[in-house]
Amino acid sequence: MNTGARRVREWLIERAIQAAGAMAIVFVLAIFAFLLRDALPVFRETTVRDLATGRTWLPTAEPPKLGLLPLLLGSLYVTIGALLISVPLGVACAAFISEVAPRWMRETLKPAVEVLATIPSVVFGFLGLLLVGPWLAELLDLDVPLFAGLGSLMLAFMAMPMIVSLSEDAIRAVPMTLRQNSLALGATQWQTIWRVVLPAGRSGIIAAVLLGMGRAIGETMTVLMVTGNAAVIPLGLPGFLRPVRTMTATIAAEMGETAYNTPHYHALFAIGLLLFIITFAANTIADVVVRRSGRTTR
Amino acid sequence: MVRVRVMAALLALALPLAALTGGCGRPESTSSESGDREAVAQIGSTTMLPLAGRWQKAFNRKQPEVDISVSGGGSGTGIRALIAGTAEIANSSRDIKQKEIAQAREAGVTLVEHVVAYDGIAVIVHPSNPLHEISVEQLSDIFSGRVTSWADLGATRMGDTQVISRDSASGTYEAFKELVVTMGGQDKTRDYAAAVLKQASNQAVLALVARTKSGIGYVGLGYLDESVKVLPVIPLDGGEAVAPTVENVASGDYSVSRALYCYTNGEPRGATKAYLDWIEGPEGQAIVEELGFVPVK
Amino acid sequence: MKGTQSMHRPQRLGPRATQAAAFAALWAAAALVLLPVAAILGVMFVRGGRAISWELLSSAEDGLLPSIVGTVTLVALTAVIAAPLGIAAAVYLREYAPRGPLVRLIRLAIVNLAGVPSVVYGLFGLALFVTLLGFGRCLLAGACTLALLALPLVITASEEALRQVPERLRAASFALGATRWQTVRRIVLPNALPGIITGLILSMGRAAGETAPILFTAAFIALTKPFPSSVLDPIEALPFKLYYMATEAHGITEDAKWATASVLVGLVLTINLVAVITRARLRGARRW
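On a predicted model such as this, the values are computed, not experimentally measured, just so you know.

Moving on, we come to the overall build of chain A. Assigned secondary structure in chain A consists of twelve helices and two strands. Moving toward the C terminus, one meets the helices and strands of chain A in the order α-α-β-β-α-α-α-α-α-α-α-α-α-α. With respect to the principal axes defined by its C-alpha atoms, chain A has extents near 75 × 70 × 35 Å. Counting contacts in chain A only where the partners sit at least 6 residues apart, residues at least 24 apart contribute 71% of the total. Mean positive and mean negative side-chain charge positions of chain A (23 and 18 charges, respectively) differ by 12 Å.

See below:
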């Protein structure tokens, strides 16, 4: 084969590969740009301030009331509830898998957690709606079987695989010598885990929590199906037992019915933009934390 | 070796794909390409979806040469598709919006409205609820959050009301707001309270009310079943409570009802006209009645 | 030993007792992570299993066949779009990219792409593919949207597979005078193929279960045309069908809902199982 032609071909292929490499950046920017493009017109109708502090979400009223506060707080409530359940359980499970479990159990638990990660969110929503919700409502004597805490519970189990596997990576990355030194000083295995291993794996665990948060706040189908979707501002602990409406559920429920290019349509894109910014922040911080800890360990 | 070649070919696909994303108009509509058969795409309201499905089946038994495709997605989706030219008929369970009329005009589309059925909206509570009737004013107070306890309505030991509504973008939601929450426009400042639970469909509202002792909600007549108790409604001008039945909706005695629409681009022609005429005729309207909606004539 | 310690600090448990308690708590935590979900999935499979019939699976009229076909088609098209892009990006990152700010930025972008909420992908797909490019609500728009969602997974898995290829193979190839592309094409990619394919299948398992991204871009409930005749037709999809059956549909038996949920989870698990088997078989065939 003619070497010149081959060189040209290789050059072309390599440029194509390079372009594909940069594609991820292009896509992130494109998503941001498109959300922005369809979200900005909402400010012909309202202001950032009204959007952020408005306490009423009645998008089809005349004029529409586009207060995102109840939706934002609804999302935060469900997410924080999910983290309260999944972080302690997930980190404990990770510590168990990497430090305590007998070998055969480790070999069973890890794939089991991975299987958990594959269950689609709509299935969790379905199970919450038909099985867990009615059961919990009976147990707690609630009027309505759809409430914020139910969403938290379902999300906790959905975020669990991510938290377990990332925390486990972080714990595993703690150098063996640290453990050996601690044990040699007479500490029990538990003291070593609690005082040495977990603190040393701290930044990785924090990253796992942040990523779990990003996952939980962006979860859609489950919360749409189990949280009742009432756009109230949740208050105090009882708020977990009442219905809320999250940002993701609002987009999913209303986009099909709303008219194109109306303030309501743009407001839904504004919610999408807000979600994008929140998850972007969580992921970027998590990434920085992981990278920084990686450098210090090395 | 072959496999590697395939890989290389796949890699080479990357660029054209990026170019594809660069720019291209809508490829020709596929719905109108089935040879000699005339195609009618009917898109829109989820409330009307069962209705549209039955219409299509029955109509195609008579005239199999017309290729009718039906899909849901919501009233907004249907009207969007009609304006974009990807649908011949848009099903809508709500009145068209000013904004949509303007968008249609911009796109050179003239929206023509056809009322194809009425839908009575029944007020439902848990079977254990002691109430036997309810007035429009009381309903307005409940749904706007002015009354939050069953005791205020004369039902003791029922606790607080759990108000359950359709989702805020649905046609039923808007119709109920117009007819009941604002009391037929008497008090336009009233709107749904924030604490109202929103459900994706009639079915979901029904299921939730059936499971919620202190619940109250509304659903289309066609969805009623034994699992809930239906409350007759006392109209705004007083008088006897009226039960939501097909007869009472048709006669106008039961006031909580709304129209279901089909929109077309201009006056319908050809297969679309034949189909719409058939829907508005006796056979189409028989299906309307069978599914628990109220016929137009 | 134990006795004297607890004498000194009678108010606290000794370290061994603490350890026993703590380990018990860890066991409990591990059980709590898995058992409740296992239990409710068990209930689902039992109830669904009882209701699954050949009719339900194979009927195009009111069975699940259109949804199964729709999901499989959607996932296949997603793979066709995501694979070349994802693998090329991984090759760039692993085989070509110089260390530096650009690569750092690309990695950050991949991490963020993986974290974008699925419903936001749906909005993006609606704005770009459905509306601006005018695909309409269809298979192609849904597959493009899902491909974006799967892309970070494909890249990460492919990169991992490339990393597993021993450095000495590359060195040997270069030593024989091969160019970088020749090395990648003849040596690295064939050796990384098992890992790449496994990763691709796993990402497709994830895509198969997604609902939110296809909600406004592809999915519908077919009343008339159960099967798409081109990529520009909307499709039925199992996860969307389950959502519809659980919340919207009228007159659907509980049994049918449980059956649909079981079929969806069964499909996703099967895809994952295929990935695991593929990995085992292709690995077995290759020894370094």
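A common way to report how large an interface is uses the accessible area buried once the components associate. With 75 residues of chain A at the interface, the matching set in chain C holds 75 residues. Of the roughly 6600 Å² buried between chain A and chain C on both sides combined, carbon and sulfur atoms contribute 82%. Of all residues in chain A, Ile-17, Phe-126 and Trp-190 of chain A bury the most surface against chain C, accounting for 9% of the area lost on that side. Our count for the chain A to chain C interface comes out at one salt bridge.

Attention now goes to helix α8 (residues 189-200) of chain A. Taken together, the buried positions of α8 of chain A are occupied by Trp-190, Thr-192, Ile-193, Val-197 and Leu-198 of chain A. For α8 of chain A, the buried positions fall inside an angular range of 140 degrees around the axis, keeping them on one side. Away from its buried face by more than 90 degrees, α8 of chain A exposes Trp-194 and Arg-195 of chain A. The secondary structure elements touched by the buried residues of α8 of chain A are α3 (69-100), α6 (148-172), α7 (176-184) and α9 (202-218) of chain A together with α2 (15-51) of chain C.

Residues and elements named next belong to chain A. Their axes nearest at 6 Å, the elements α3 and α6 cross at an angle of 35 degrees. Crossing of α3 against α6: the hand is right-handed. Residues that form the contact of α3 with α6 fall into these classes: 20 nonpolar, seven polar and three charged.

The next subject is the domain arrangement of chain A. All names here are of chain A. As assigned here, chain A comprises domain 1 (3-43) and domain 2 (71-297). Each of domain 1 and domain 2 has a C-alpha centre, and these two points are 32 Å apart. Listed as interface residues are ten residues of domain 1 and, on the opposing side, ten residues of domain 2. For the pair domain 1 and domain 2, the summed buried area comes to about 890 Å², and 82% of that belongs to carbon and sulfur atoms. By the criterion of area lost to domain 2, the three top residues of domain 1 are Leu-35, Asp-38 and Val-42, representing 54% of everything that side buries. Where domain 1 packs against domain 2, one counts zero salt bridges. Between domain 1 and domain 2 we count one residue pair in polar contact (both at pLDDT 80 or more) in total. Each residue belonging to the side of domain 1 that touches domain 2 can be placed in one class, and the counts come to nine nonpolar, no polar and one charged.

On to the pairing of strand β6 (residues 162-166) of chain B. Residue and element names in this part refer to chain B. Here β6 lies mainly inside the structure; five of its five residues are buried. Where β6 lies against strand β8 (residues 215-220), three bridges are found, and the strand directions are parallel. Paired with Gln-162 across the strands is Gly-215, a residue of β8. Direction of pairing for β6 relative to strand β7 (residues 197-199): parallel, over a ladder of three bridges.

Moving on: unusual backbone geometry. Residue and element names in this part refer to chain A. A positive phi angle is found at Asp-141, which is not glycine, with a value near 55 degrees. Relative to the helices and strands, Asp-141 is located in the loop between α5 (121-140) and α6. Residue Asn-229 is not a glycine yet carries a positive backbone phi of 60 degrees. Relative to the elements of secondary structure, Asn-229 occurs in the loop between α10 (221-226) and α11 (247-254). Residue classification places Asn-229 among the buried positions, given a relative accessible area of 3%.

The rules behind the values
Each chain carries its own residue numbering, running from 1 in the written order of its sequence. Lettering for chains starts from A, numbering for ligands starts from 1, and both go in the order in which the items are written. Local features are withheld for residues below a pLDDT of 70 in this predicted model, meaning they are given only at 70 or higher, and side-chain atom pairs are given and counted only at 80 or more; totals for whole chains, interfaces and linings count all residues. Hydrogens and water molecules were not included; the side-chain quantities draw on all heavy atoms of the structure. Elements are defined by DSSP. Helices are runs of H or I of four residues or more, strands are runs of E of two residues or more, and each kind is numbered from the N terminus. The contact criterion used is simple: two residues touch if any of their non-hydrogen atoms lie within 4.5 Å. Positive charges are assigned to Lys and Arg, negative charges to Asp and Glu, while His and the chain termini are left out of the count. Think of each charge as sitting on NZ of Lys, CZ of Arg, CG of Asp or CD of Glu. Buried area: the accessible surface (1.4 Å probe) lost by two parts on joining, summed over both. Salt bridges, as used here, are contacts in which a Lys or Arg side-chain nitrogen is within 4 Å of a carboxyl oxygen on Asp or Glu. A simple rule labels every residue: compare its accessible area, found with a 1.4 Å probe on the protein chains alone, to the largest value its type can have, and call it buried under 20%, exposed over 50%, or partly exposed in between. The reported arc concerns the directions from the helix axis to the C-beta atoms and nothing else. An axis is simply a line fitted to the C-alpha atoms; with a helix, the fit covers only the stretch in contact. Between two such axes, the angle follows the N-to-C directions and lies from 0 to 180 degrees. Crossing handedness: left-handed means the near helix sits turned counterclockwise from the far one by under a right angle, and right-handed means the same turn made clockwise. Just so you know the grouping, Ala, Val, Leu, Ile, Met, Phe, Trp, Tyr, Cys and Pro go in nonpolar, Asp, Glu, Lys and Arg go in charged, and all remaining residues, Gly too, go in polar. In this document the domain limits rely on a domain assignment from an automatic tool or a database. Here a polar contact is recorded for every N or O atom pair within 3.5 Å, except that within protein the pair must consist of a potential hydrogen donor and a potential acceptor, and residues adjacent in sequence are included only if both atoms are side-chain atoms. By this definition, two strands are paired if DSSP reports at least two bridges between them.

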